[in-house]
Amino acid sequence: MKNKRFLYKGLSVLFLAGIGFGSVSCNDSNLEDVKNTGTFDTQNYFQNEEQSFSALVGVYDLLRKYSGGFENNVTFFNAASDDFFSGGGSSTDGAGIQGMSNFTINPIIMPPSYWKDYYQGIARANLLIDRIPNATMNEQTRKRFVAEAKTLRSLYYFELVRMFGKIPLILKPITVSDDYYNIPQVPSSEIYTQIENDLESSLADLPMTADGAEKGRITQGTARAILGKIYLYNKKYTNAAAQFQLVNGTPGGTSQYGYKLVSNFAELFKVGPSSQSIDPYKFSTESILEVMHTNKGNSDWGFWGSGKDEGNSINVMLGIISYGKVSTMPNNDAPSIYSGWGFNPITDDLFNFMQGDPRLDATIFNAKKFKQDGKITYSGGYKDTGYFLNKFLPRTADTSPLPGATELNFRQNYIAIRLADTYLMEAEALNGSGSRAQALLDAVRARVGLTPVPVSMQAIKDERRRELAGEGHRFFDLVRWGDAPAKLGARGFTAGKNEILPIPFNELTNTALVQNPNY
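Our subject in this report is the structure included herewith. Numbering of residues starts from 1 in each chain and follows the order in which that chain's sequence is written. In keeping with the predicted nature of the model, local features appear solely for residues at pLDDT of at least 70, side-chain atom pairs appear and are counted solely at 80 or more, and the whole-chain, interface and lining totals rest on all residues. The side-chain numbers reported here are obtained from all heavy atoms of the structure, hydrogens and water having been left aside.

**Some remarks on the overall build of the chain**
Formally: Per the convention used, a helix needs a DSSP run of H or I reaching at least four residues, while a strand needs a run of E reaching at least two, with both numbered from the N terminus. Each residue's exposure class comes from its accessible area (1.4 Å probe, protein chains only) as a fraction of the maximum for that residue type: buried when under 20%, exposed when over 50%, partly exposed otherwise. Contact criterion: two residues are considered in contact whenever any of their non-hydrogen atoms come within 4.5 Å of each other. With residues, only the protein chains shown are counted as cover, and all accessible areas are computed by Shrake-Rupley using a 1.4 Å probe. None of His or the chain ends enter the tally, which takes Lys and Arg as positive and Asp and Glu as negative. To locate a charge, take NZ of a lysine, CZ of an arginine, CG of an aspartate or CD of a glutamate.
Across its full length, the chain holds 18 helices and 8 strands. Overall, the chain is about 70 × 50 × 50 Å in size when its C-alpha atoms are taken along their principal axes. Taking all 519 residues of the chain together, 59% fall into the buried category. Taking contacts inside the chain between residues at least 6 apart in sequence as the whole, the part at least 24 apart equals 71%. Accessible surface for the chain amounts to roughly 19,500 Å². Of this, 50% is attributable to carbon and sulfur atoms. The centroid of the 52 positive side-chain charges in the chain is displaced by 3 Å from the centroid of its 53 negative side-chain charges.

See below:
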């Protein structure tokens, strides 16, 4: 008998009760921690609002794929850009991230989590959407939960389609009677149509803003920003510009959703004192979609990367190997940094490109200069340049006083979409021309004290590189613009192949899935 297997191992959430919602977020007072109540029968779950909310939190959990676990999006795709190398302790430190950096990535070393984690999020959303109609709860709240789940499902499908191209489209829970072996891949155009329609239909059921304990939840502004980004990648530029305009409002001002550029660029990447119950730097006016991290989950090695850990892994991964501040140096102004693993050293090209920009120091930590001046010591990792991403360096002041591995419990949030990003995406959707595109570009530059430059597509590309350096966007920008072969060819990027990733080998075995071209 043919050995049928799940399209991805995460689909077992549909059959093994409890797995899907056993891992939930807890971050200060936001999205309150929902305790795992143990094994349950999904057929009899979703009885009321409390159970439905716990399921919704389970859908949100997969947002941590951006910045949690060793296989997080940010460090992985930073390594694939022209701004960073893979780094780490050696050329064999993390086969996937090394292969992504030099474009030797193949189905064997391709980390399977980039496929199965997002499909697990989709499975959780499907289950909620399917079962919540039977729950006893307020109708408006029900509609909001469904709209949030559809928005997150759309986002997870967007990440899958831009990573893998043709993928299966699954919109309902899979049961044992379904022929999951023969679930086909569909053209990316079908995925885009589905997620665009889902987002459009969800907007009216989402709140304009989310305050207090609801910070971090999907709002109408969040959904519009995601929709605008999806339209942009799908080359529907007029639609993208229209959505972004609603999100952005008057450039430099406060939008209808309360979004406004923060005045101090560096504060976007600061972490408040652990003694404060609410971190003043989280959920700023610039934040549109923010991934929550906390040390309160006491994350440890036994479940790191499983979805149950809640710390930001970018911090320790980008930390400098064996970093030490020289105590005998008088008036030593070197920062106190927690030693890390040395991933994503910055290229000389980005360092040179950022010279003279007011964002330089907030973006790049020049360890080379501090070491030459005798103020610090550190061990150079693989592809060390002496330049590190300051936005996410782990400060010793940010280490957790709670139980759990120190390395795994940094609490810095990751902003997946912020207002400066949507300003520049709108300017791009406007083809880098016209008075509004100019005003959007000017606002991003004015925030850091830069004078205007004539708007153009090249000016927008350059501004995105400086403004968003190290936040995980550059590789996808280069691919979207068609610039990847020129910028990444020396790394091994092959046009017609490396725009998308190989489907992990184990996901292909005994399924109807077909590997992507040239892999």
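**Some details on the pattern of salt bridges**
Selection criterion: Should a side-chain nitrogen of Lys or Arg be within 4 Å of a carboxyl oxygen of Asp or Glu, the pair is scored as a salt bridge.
Applying the stated criterion across every chain yields a total of 36 salt bridges. Within this structure, Glu286, Asp357, Arg359, Lys391, Arg418, Arg445, Arg447, Glu463, Arg466, Glu467 and Glu471 form a network of salt bridges that share partners.

**Observations regarding the pairing of strand E3 (residues 287–291)**
The criterion, for reference: Pairing between two strands requires that DSSP report at least two bridges joining them.
Among the 5 residues in E3, 5 count as buried, and that is most of the element. With 4 bridges joining them, E3 and strand E8 (residues 414–418) adopt antiparallel strand pairing. Of the residues in E8, the one forming a bridge with Glu290 is Ile415.

**A few points about the packing of aromatic side chains**
Put simply, the rule is: Ring geometry is summarised as follows: Phe, Tyr and Trp rings, the Trp one being its six-membered ring, pair when their centres sit within 6.5 Å, and such pairs are stacked at plane angles under 30 degrees, edge-to-face over 60 and tilted between the two. Here, a charge over a ring is recorded when the distance from Lys NZ or Arg CZ to the ring centre is within 6 Å and its angle to the ring normal is within 35 degrees.
In total, this model carries 30 aromatic pairs according to the counting rule given. With 5.3 Å between their ring centres and 85° between their planes, Phe103 and Phe493 make a pair best called edge-to-face. Linking Phe103 in the loop between helix H3 (95–102) and helix H4 (113–131) with Phe493 in the loop between helix H17 (484–488) and helix H18 (505–508), this pair joins segments that are 390 residues apart in sequence. Phe103 sits in the buried class, given a relative accessible area of 6%. An angle of 45° between the planes, with centres 6.1 Å apart, marks the rings of Tyr257 and Tyr259 as tilted. Taken together, the aromatic side chains of Phe76, Phe77, Phe103, Tyr114, Phe475, Phe476 and Phe493 make up a single cluster linked through ring pairs. It is Arg162 that lies over the ring of Phe476; its NZ or CZ is 3.7 Å from the centre.

By themselves these figures say nothing about function.
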